[in-house]
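One-letter residues, chain by chain:
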Amino acid sequence: MNTIIKSATVLVAAMTLSVNAFAQDTKKPASPAATATGKIKDATITIAYNSPSVKERKIWGDLVAYGKVWRAGANEATTFETSKDITVQGKKLPAGKYSFFLIPKESGTWTAIFNKEPKQWGAYKYEETKDALRVDVKTKALPATQETLVYKINKNGFTMDWDKISVPVEIK
């Protein structure tokens, strides 16, 4: 009888620990993963990224430095995948999966980068020699603050919108 009680006690304790372990940390991550997918002509475009929030911070020129390669999201580098060869800002980009980076500038045009190494953490191991394509893009002011970073695919390409800036990238 003692053995049965001890076994039952151990079983109940193990179940309690298991339930508590699974119940831990159910809050939303600071920069949740997101995906934007769409068609531009006959190419399927998929952009996978982590979406940080402004959270009353100064983004451009502070959290995200001007003149430096930025992962265009949070955590892992943003990836851009196209099922067909496309033209980006008038330049050819072969079908494939790329990491996507931006070089923000205080004014004028920014640089959009499609890099052949899609699996990178941030931009820490970014190598310019692995760039498949670099293009200049003109930013636009947003009419209102975009709290969370978001990518949107449309018939003319895609945009990255965050804080007070929209970065449109033309695709044909």
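As a reminder, the structure under discussion sits directly above these lines.
Residues numbered from 1 in each chain as written. Predicted model: local features only at pLDDT ≥ 70, side-chain atom pairs only at ≥ 80, totals over all residues. Heavy atoms only, no water.

**Notes on the nonpolar core**
Most often, soluble globular proteins keep nonpolar side chains buried together rather than apart.
Reasoning step 1: Within the largest apolar cluster, 35 residues are counted, with the highest numbers of intra-cluster contacts made by Phe80, Phe100 and Tyr151.
Reasoning step 2: Looking at this core, the elements that each hand over two or more residues are β1 (33-40), β2 (43-50), β4 (86-88), β6 (96-103), β7 (109-115), β8 (131-138), β9 (140-154) and β10 (157-170).
Reasoning step 3: Counting residues per element, this core draws most heavily on β10, which supplies six residues.
Reasoning step 4: In terms of nonpolar packing, the next biggest core, distinct from the first, is built from five residues, Ala77, Phe101, Ile103 and Ile113 among them. (Core = buried A, V, L, I, M, F, W, Y, C linked by side-chain atoms within 4.5 Å. Buried < 20%, exposed > 50% of the residue type's maximum accessible area, 1.4 Å probe, protein only. Helix = DSSP H or I, 4+ residues; strand = E, 2+ residues; numbered from the N terminus.)

**Side note on unusual backbone geometry**
Reasoning step 1: Of note in this structure, Lys55 is not a glycine but carries a positive phi near 50°.
Reasoning step 2: Residue placement: Lys55 occurs in the loop between β2 and β3 (78-82).
Reasoning step 3: Since its relative accessible area comes to 48%, Lys55 is described here as partly exposed.
Reasoning step 4: We note that Ala72 has phi near 60°; this positive angle belongs to a residue other than glycine.
Reasoning step 5: Residue placement: Ala72 occurs in the loop between β2 and β3.
Reasoning step 6: According to the relative accessible area criterion, Ala72 is buried, its value standing at 0%.

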